[in-house]
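Coordinate analysis (summary)
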Amino acid sequence: MAFKEEDIKKSRELSEDFVAYAMMILATTIVVTMVAVPIYEKQKRKACGTVVEKSKDTLFVRNLKDTTRYYTLTRQDHLECIPQYFDYIASGDVLKFYVQSCDGTKIDNIKEINSKDVAKFVRLKREQQRNDSIRSRVLQNQKVK
């Protein structure tokens, strides 16, 4: 059984279907990469840090894992918990928060505040809300009679 030189060359060539399939996979990979990379860069990262310094309207937080990295948080940032708790956060308190990957220095959302003063504030706020609800129920019952 002898092989001809032409048969050997044909067996080494890629079929047209294979080349078309490979080009389609390459194009799909490029498109997915162009869409996925910007989405990944906008995702939030978890971080944890201690409040190093507090000025009137700004907190400076140092990352616990990478002590060379600092974050800032201002009173004007549109975060859910900050307007109430900002005055109760002191130097030395531990914050768990999210950071935008693209900027890396601005706190995006605070997840947890480990502070005695904030815990005391939350406890007093809950008692006040409970008292207000009891008072409103009593007033409602008085109006009904």
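The notes below deal with the structure included here. Quantities reported herein were computed from a predicted structural model and do not represent experimental measurements. (Residues numbered from 1 in each chain as written. Predicted model: local features only at pLDDT ≥ 70, side-chain atom pairs only at ≥ 80, totals over all residues. Heavy atoms only, no water.)

**What about a nonpolar patch on the surface?**
What counts here: A patch is a set of surface residues, each over 30% in relative accessible area and not in a salt bridge, joined within 9 Å for like charges and within 5 Å for the nonpolar side chains Val, Leu, Ile, Met, Phe, Trp and Tyr. Using a 1.4 Å probe, the Shrake-Rupley method yields the accessible areas, and only the shown protein chains count as cover for residues. Counted as salt bridges are all cases of a side-chain nitrogen of Lys or Arg within 4 Å of a carboxyl oxygen of Asp or Glu. Strands are runs of DSSP state E lasting at least two residues, helices are runs of H or I lasting at least four, and both sets are numbered from the N terminus onward. Each residue is assigned to one of three classes by its accessible area relative to the maximum for its type, calculated with a 1.4 Å probe on protein chains only: buried under 20%, partly exposed between the two thresholds, exposed over 50%.
Among the surface-exposed residues, Phe 18, Val 19, Met 23, Leu 26, Ile 30, Val 31, Met 34 and Val 35 lie close enough to one another that they form a single nonpolar patch of about 790 Å² accessible area. Of note, Met 34 is situated in helix H2 (residues 16-42). Its relative accessible area of 59% is what places Met 34 among the exposed residues.

**Concerning the nonpolar core**
Just so we agree on the cut-off: Here, nonpolar core refers to any group of buried Ala, Val, Leu, Ile, Met, Phe, Trp, Tyr and Cys residues whose side-chain atoms link them within 4.5 Å.
Residues Leu 95 and Phe 97 are the most contacted members of the largest nonpolar core, which totals 18 residues. Elements represented by at least two residues in this core include exactly strand S1 (44-54), strand S2 (58-63), strand S3 (70-74), strand S4 (94-100), strand S5 (107-114) and helix H4 (116-144).

**Digging into the pairing of S2**
Quick reminder of the rule: At least two bridges found by DSSP between two strands is the condition for calling them paired.
Sheet topology places S2 next to S3; 5 bridges connect them, and they run antiparallel. In the sheet register, Leu 59 faces S3, and the bridge partner there is Leu 73. If you look at the hairpin formed by S2 and S3, you'll find 6 residues sitting between the two strands.

**Observations regarding the pattern of salt bridges**
Going through the model one piece at a time under the given rule, you end up with 1 salt bridge. A salt bridge links Asp 132 to Arg 135; the shortest N-O distance between them is 2.8 Å. You can see Asp 132 and its partner Arg 135 sitting in helix H4, 3 residues apart, about one turn around the helix.

**A closer look at the side chain of Asp 93**
Stated precisely, the cut-off is as follows: Neither His nor the chain termini are counted; the positive set is Lys and Arg, and the negative set is Asp and Glu. Contacts are assigned to residue pairs with any non-hydrogen atoms lying within 4.5 Å of each other.
Along the polypeptide, Asp 93 turns up in the loop between helix H3 (82-85) and S4. Of the side chains bearing the opposite charge, Lys 54 lies closest to the buried Asp 93, which forms no salt bridge; the N-O distance is 7.6 Å. Asp 93 has contacts with Gly 49, Thr 50, Val 51, Tyr 88, Asn 114 and Ser 115, leaving out every residue within four places of it along the chain.

**Comments concerning the side chain of Asn 63**
Counted only if it meets this: Pairs of N or O atoms within 3.5 Å make up the polar contacts considered here, provided that, within protein, one atom can donate a hydrogen while the other can accept it, and that residues adjacent in sequence are counted only when both atoms are side-chain atoms.
By secondary structure assignment, the location of Asn 63 is in strand S2. A polar contact of 3.0 Å, which involves the side chain of Asn 63, links it to the side chain of Tyr 71. Those residues in contact with Asn 63, other than ones at most four positions away along the chain, are Cys 48, Gly 49, Arg 69 and Tyr 71.

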